[in-house]
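Structure assessment
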Amino acid sequence: MNIWGDLLVFVAGLWAGTINTIVGSGSLVTFPVLVALGYPPVNAIISNAMGLVAGGFSGAWGYRREAASSWRTLVRLLPVSFVGGLLGAILLLHLPESVFGFVAPVLVVVAILLVIFQPRLAAWAKRRQALTNVTPEEADHQKLPLILYVLVFVIGVYGGYFTAAQGVLLMAVLGIFFHGTLQQANAVKVILSLVVNLIAAVSYLLLAFDRINWLVVLLIAVGSLLGGFLGAGIGRRMSPTVLRVVIVVLGVVALINLLGKLVA
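It should be emphasised that the depicted structure is a prediction, and the values quoted were computed from it without experimental measurement.

**Some thoughts on the overall build of the chain**
Across its full length, the chain carries 12 helices and zero strands. Secondary structure of the chain in N-to-C order comes out as α-α-α-α-α-α-α-α-α-α-α-α. Considering the chain as a whole, with its 264 residues, one finds that 52% of them fall into the buried category. A fraction of 86% describes how many contacts in the chain between residues 6 or more apart in sequence connect residues 24 or more apart. For the chain, the exposed area adds up to about 11800 Å²; of that, 74% sits on carbon and sulfur atoms.

In structure tokens, the structure reads:
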């Protein structure tokens, strides 16, 4: 990449880290940029996922108090996300790249739709949380239904394979089956997403080292780390609608690029 390409990737990482704090789906910023710059889609997913791990750590640190009030829930769900993320990463690395070429456009469409409908999902989850009327401590002691474990596993597989919008999926599922506060649900979401990205990154290091672009990883890591810290301060002053429009536009760009490669 030239200096302008480097700068674009860094800014995309910064933007992704910021919006992940607010609405999620940061990969729908970084992934389209990498594809537009000419990176093969699978290589772009690998380098992007590794870079965004840093932003996941800063986001988890920001929600450390809420996570502390949900530690029992996390202990039960983390192994499920771990196994799902590992399976998703293995599928990405071992299935033919042509499979990803067909599946990726579908996943991008799913991610775009999730971002579009995220406000309704969040509002519905908020109403449901209000109806439960339980304390954070009571919520952390609740019995989690089997369907929640299954769905968290499936989302982990999705996240390990594609990464984009897994946070939105997790918030929707937690809004239905986890009767805690929204802050607790968001903390659980951030940490589960981090675990999926982290195990995927380790899998890439061990099994696909030659497909990692370390400059891209570094630029996205630094950008997303800063964005994760700045998201609460700067991002919340911006209109979530504007942020969501940017994500959708970039997602459409990625979709056009992927479809173009598919028909070429």
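**Notes on the UniProt feature "transmembrane region" (unreviewed entry) in the chain**
Here, UniProt's "transmembrane region" (unreviewed entry) annotation points to residues 7-39, 45-63, 75-93, 99-117, 146-178, 190-207, 214-235 and 241-260. Here residues 99-117 is 100% helix and 0% strand, with 27 Å between the C-alpha atoms at its ends.

**Re the packing of aromatic side chains**
One pass over the full model with this rule turns up five aromatic pairs. Plain terms: the ring middles of Phe 100 and Phe 162 are 6.4 Å apart, the flat faces sit at 45° to each other, and that makes the pair tilted. One end of the pair, Phe 100, is in helix 6 (residues 97-132); the other, Phe 162, is in the loop between helix 8 (146-161) and helix 9 (166-177), with 62 residues separating them in the sequence. For the pair Phe 100 and Phe 162, one class covers both residues: buried. Their ring planes at 70° and their centres at 6.2 Å tell us that Tyr 158 and Phe 162 sit as a pair that is edge-to-face. Overall, Phe 162 belongs to the buried group, its relative accessible area being 1%. Here the aromatic residues Phe 31, Phe 100, Tyr 158, Tyr 161 and Phe 162 are joined through ring pairs into a cluster of three or more.

Quick notes on the rules
- Residues numbered from 1 in each chain as written.
- Predicted model: local features only at pLDDT ≥ 70, side-chain atom pairs only at ≥ 80, totals over all residues.
- Heavy atoms only, no water.
- Helix = DSSP H or I, 4+ residues; strand = E, 2+ residues; numbered from the N terminus.
- Buried < 20%, exposed > 50% of the residue type's maximum accessible area, 1.4 Å probe, protein only.
- Contact = heavy atoms within 4.5 Å.
- Areas by Shrake-Rupley, 256 points an atom, 1.4 Å probe, with all protein chains shown as cover.
- UniProt positions renumbered as here; feature names shortened; annotations may be inferred.
- Phe/Tyr/Trp six-rings, centres within 6.5 Å; stacked < 30°, edge-to-face > 60°.

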